[in-house]
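What the coordinates show
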Amino acid sequence: MTVPLARGTSARRRQLMLATACTVFGGAAFAQAPAGDFPNKPIRMVVTFPPGGSADAVVRMLVPRLNEKLGQPVVVDNRPGAGGNVGLSLVAKTPADGYTLGLGAAGALTANVSLYPQMPFDPVKDFKPVGMVAATPFVIVGHPSIAARTQRELIALAKSKPGGLSIGHGGNGTAMHLSAALFAQMADVKLVEVPYRGSGPAALDAMAGQIPLALVDLPASLQQIRAGKLIAFSVTSAQRVPMLPDVPTVAEAGLPGYDSTGWFGVVAPAGTPAPIVTRLNAEINAALGDEQIKASIRNLGAEPAPGSSEAFEAYIRSETKKWAKVIQAANIRLD
């Protein structure tokens, strides 16, 4: 590039002007380079769940397709702990170049900021949402001995004995915990919440009659429901789920407006160039649109949830406000 210089400019002055021009234009070229040739090395996907869980399984379903389309390997790095805070804290501190991504869930991206007195990151300011991956509806189940067969009968039973019914869930601060709290608030009932280390143990105790109720995910309860070992009162999502087409939603069964699901999606560090975010979003959505991948995800009890980066960002903001109100009303705090 030739930079025109005014007559009479000194040699020293010309050198400074040329150096400045090279810095400006060279810097601009360098700033665009990461997006232009992205990716040119492996991408690390920090998964905030342990290996073997449904979220981890879904990511590993997407990896072969992403490897093919991106032309670089996507390496899964499991970093569970503190409700997702451990893994996402790592992502927040990495360069904003698209080579380190995080798979976070509703807790770490929306609820933890209201649950924990101190957070290692700001879920809104420190990340750029790339796209949602999947949603996991929950189901309210009970032991067959309970004196209720519908959600309305269950609410009436709970009101007749305040604090006399306990409900198990997948752990303090989890989406299942918050879903149970929201249910109790909207139904205006007092339930004794019992935290478990995951959905499976809660479902097993409900099936054994150790607790009368549980709010758990579908993989932990579907077979027991179909076998008649658990009663399914309602599902927590806005729509019925294909695996349990005869089970109404919480909203249909008497609590209009109730909608709560677990979900997880991909985020990048704040400041990641828009072209990189767009490319990653497009490839993730394309993978989620693959019929074989969709079927595999649904077999896990989850629902593929492709969408734009902007829609995911707006959803995170709305869910953050929603759960802040629920957490405050239920006076839930985690250390």
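Structure shown above.
All of the points below concern the structure found in this document. What you see is a predicted model; the values in this text were computed from it and never measured. (Residues numbered from 1 in each chain as written. Predicted model: local features only at pLDDT ≥ 70, side-chain atom pairs only at ≥ 80, totals over all residues. Heavy atoms only, no water.)

Here we take up the overall build of the protein. Looking only at helices and strands, one finds 11 helices and 10 strands in the protein. Evaluated residue by residue, the protein yields a buried proportion of 48% over its 335 residues. Here the contacts in the protein between residues at least 6 apart in sequence split such that 77% fall between residues at least 24 apart. Counting every atom, the protein has about 15,500 Å² of accessible surface; 55% of that belongs to carbon and sulfur. (Helix = DSSP H or I, 4+ residues; strand = E, 2+ residues; numbered from the N terminus. Buried < 20%, exposed > 50% of the residue type's maximum accessible area, 1.4 Å probe, protein only. Contact = heavy atoms within 4.5 Å. Areas by Shrake-Rupley, 256 points an atom, 1.4 Å probe, with all protein chains shown as cover.)

It is worth spelling out the packing of helix H4 (residues 106-115) against helix H11 (residues 309-330) at this point. For the pair H4 and H11, the least separation of the axes is 8 Å and the interaxial angle reads 30°. The pairing of H4 with H11 is recorded here as roughly parallel in orientation. Pair H4 / H11 crosses with right-handed handedness. For the pair H4 and H11, the contacting residues are Leu 109, Thr 110, Ala 111, Val 113, Ser 114 and Leu 115 in the first and Phe 312, Ile 316, Glu 319, Thr 320, Trp 323, Ala 324 and Ile 327 in the second. Considered class by class, the residues forming the contact of H4 with H11 number 9 nonpolar, 3 polar and 1 charged. (Axes fitted to C-alpha atoms, helices over the stretch in contact; angles between N-to-C directions. Parallel < 35°, antiparallel > 145°, perpendicular 65-115°, else oblique. Left-handed = near helix turned anticlockwise from the far one by under 90°. Nonpolar A, V, L, I, M, F, W, Y, C, P; charged D, E, K, R; others polar.)

Right, let's talk about the packing of helix H2 (residues 54-70) against helix H10 (residues 291-299) for a bit. In contact at an axis separation of 10 Å, H2 and H10 are set at 170° when each is read in the N-to-C sense. In terms of their interaxial angle, H2 and H10 are classed as roughly antiparallel. Contacts between H2 and H10 involve Val 58, Met 61, Leu 62 and Arg 65 from the former and Ile 293, Ser 296 and Ile 297 from the latter.

What follows covers the pattern of salt bridges. This structure, assessed with the given rule, holds 11 salt bridges. Between Asp 77 and Arg 44 there is a salt bridge, with its nearest N and O atoms 3.3 Å apart. Linking Asp 77 in strand E2 (residues 74-78) with Arg 44 in strand E1 (residues 43-47), this pair joins segments that are 33 residues apart in sequence. Three or more residues joined by partner-sharing salt bridges are found here, namely Arg 44, Asp 77 and Arg 79. (Salt bridge = Lys/Arg side-chain N within 4 Å of Asp/Glu carboxyl O.)

Among the 5 residues in strand E8 (residues 231-235), 5 count as buried, and that is most of the element. As paired elements, strand E4 (residues 127-142) and E8 share 4 bridges and run antiparallel to each other. Each residue of the ladder has a partner; that of Ile 140, found in E8, is Ser 234. (Pairing = 2+ DSSP bridges.)

The subject of this paragraph is the packing of aromatic side chains. Overall, the coordinates contain 5 aromatic pairs when judged by the stated rule. When the ring centre of Tyr 99 is taken as reference, the NZ or CZ atom of Lys 41 above it lies at 4.7 Å. (Phe/Tyr/Trp six-rings, centres within 6.5 Å; stacked < 30°, edge-to-face > 60°. Lys NZ or Arg CZ within 6 Å of the ring centre and 35° of its normal.)

So, on to H2. Between its terminal C-alpha atoms H2 stretches 24 Å, which fits the 24 Å expected from 17 residues at 1.5 Å a residue. A maximum bend of about 35° is found in H2 at Val 63, where proline Pro 64 lies one to four positions downstream. When H2 is considered as a whole, its buried residues turn out to be Ala 55, Asp 56, Val 58, Val 59, Leu 62, Val 63, Leu 66 and Leu 70. One or two steps after H2, the chain reaches Gly 71, where phi turns positive at roughly 75°. (Expected span 1.5 Å × (residues − 1). Bend = angle between axes of the 7 residues up to and from the residue.)

Moving on: helix H5 (residues 151-160). All of the buried residues along H5 are Gln 151, Leu 154, Ile 155, Leu 157 and Ala 158. In an axial view of H5, the angular spread of the buried residues amounts to 160°, which keeps them on one side of the axis. Among the exposed residues of H5, those oriented more than 90 degrees off its buried face are Arg 152 and Ser 160. Contact partners of the buried residues in H5: E4, helix H6 (175-187), strand E7 (213-217) and E8. (Arc of directions from axis to C-beta.)

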